[in-house]
Amino acid sequence: MLATCITLVPLLLTQSTDGAPIVGSYTDWNSVGCYEDIVTARALPHVEQISGEMAVEKCLDACHASGYAYAGLEWGQGPFCGPSLPPTQVTDGRCNMPCQGDTTEICGGSLGLSVYRYTSSNLTNYKTWSYDNCYVDSIWNRVLPNSKFVSGPMTIEKCLDACDAAGYTYAGLEYGGECWGGNIEPTEIANDGRCNIACSGDVSERCGGSNGLSVYHSTGAPQPIDEYNGSTFSGCYKDSTRNRVPQHRAAPEHDYDQTIEICTDACNALGYAFAGVEYASECWCGDARPAELATDGRCNMRCVGNHQERCGGPDGIGVYESHPQTTTSTSTSTSTSSTSTDTNTSTSTSSTTTETTGTSIPPSIGHAGGVVLESK
């Protein structure tokens, strides 16, 4: 593969043992010394093809473009690239040959590699994730046990998004293209620079190394619900598969979408005083509170049914205590008797009219409201 040369930046030069200049640093590359090489077992096994004669800058650009963390020059030539530091450093002055393309620079020697390490820092923050450290890993005992598939070449962002969607608290990248997730923090930090392989999808990022995990921790950790439907959070308690407290397994049909609400409702319906969520998906019920509080943060797993909630952890159970409400209803009945008396008064008024032929007689208002007719 041909590598395109880029514009050179100022170089930091140091002196070799015989007075010849050594390129101490270039962009994000730093010299780490002279190392022994063996023709039948190359310390940096990948040989890159470049155009023109060799110089330190051309070598480092070529190895960087191919995603390698280490680059080396030997016998005035190169580049030799690899994912890990060669095992044997030498101090006998064998790295003393000038580069073919720039005789003012040193390019290794006879069975001697002038080795450079790429030191670009990891992506430190992304969404709710923060870089933690480089940890020792093993194919026989994965510290983050869940492999996550991403589409296309690997980047840090793709891995963190995949682990976040799966509800993991920790995410790790390894060997340039692997993504791993889990909920227990790795313990053994690797201080030997092994997390230095470029990500297959972005060579400017570091995606772990050989038996080395670049680990990120979600700082947007989910929280337990303080209260739900008469049940209150009691705390995170230590649990054991050999001595379960609470003991009754409930709602196993919801192991794929478990939430705090589903579990507490299930335990309340069964009449238990305590409900517990464990290992992201398990629901346990009982009438006794566990004995020992856990203060080591083990109840940090996201619920499989709601990644914004915490559903316990490995050997850690988030416990809720039910406080049923008693409602007393008092009914007072008041009877009121009402008597209604209706009095009907009928008044009959009799009117007498006397007609006289040809004569109209007007009425005259008399006493007592009566009508009196007068005649003339």
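Quick notes on the rules
- Residues numbered from 1 in each chain as written.
- Predicted model: local features only at pLDDT ≥ 70, side-chain atom pairs only at ≥ 80, totals over all residues.
- Heavy atoms only, no water.
- Disulfide = S-S within 2.5 Å.
- Helix = DSSP H or I, 4+ residues; strand = E, 2+ residues; numbered from the N terminus.
- Buried < 20%, exposed > 50% of the residue type's maximum accessible area, 1.4 Å probe, protein only.
- Salt bridge = Lys/Arg side-chain N within 4 Å of Asp/Glu carboxyl O.
- Arc of directions from axis to C-beta.

Taking an unreviewed UniProt entry as the reference, the chain is identified by name as Related to glyoxal oxidase belonging to Serendipita indica.

**Brief notes about the state of the cysteines**
Evaluated as defined, the whole model comprises 10 disulfides. Between the sulfur atoms of C236 and its disulfide mate C299 the distance is 2.0 Å. With the S-S bond torsion at 75 degrees, the cross-link from C236 to C299 turns out right-handed. Placement of the pair is C236 in strand β17 (residues 231-238) and C299 in the loop between β20 (282-286) and β21 (302-303), with a sequence separation of 63 residues. The two residues C236 and C299 agree in class, both being buried. Summary of cysteine pairing: C59 is not part of a disulfide, and the nearest cysteine sulfur, belonging to C63, is at 4.5 Å. Its relative accessible area of 0% is what places C59 among the buried residues. Residue C163 stays outside any disulfide, its sulfur separated by 3.9 Å from that of C179, the closest cysteine.

**Concerning the pattern of salt bridges**
By the definition in use, this model includes 15 salt bridges. D137 is the partner of R142 in a salt bridge, and the nearest nitrogen-oxygen pair spans 2.8 Å. A salt bridge links E278 to R244; its shortest N-O distance comes to 3.1 Å. Of the two residues, E278 sits in strand β19 (residues 274-278) while R244 sits in the loop between β17 and β18 (248-250), which places them 34 residues apart along the sequence. Each of the two residues, E278 as well as R244, counts as buried. A single network of salt bridges, built from pairs that share partners, joins D239, R244, E278 and E282.

**Thoughts on helix α2 (residues 156-165)**
Taken together, the buried positions of α2 are occupied by I156, C159, L160, A162 and C163. All buried residues of α2 lie within an arc of 160 degrees about the axis, which places them on one face of the element. A positive backbone phi angle near 85 degrees is found at G167, which sits one or two residues after α2.

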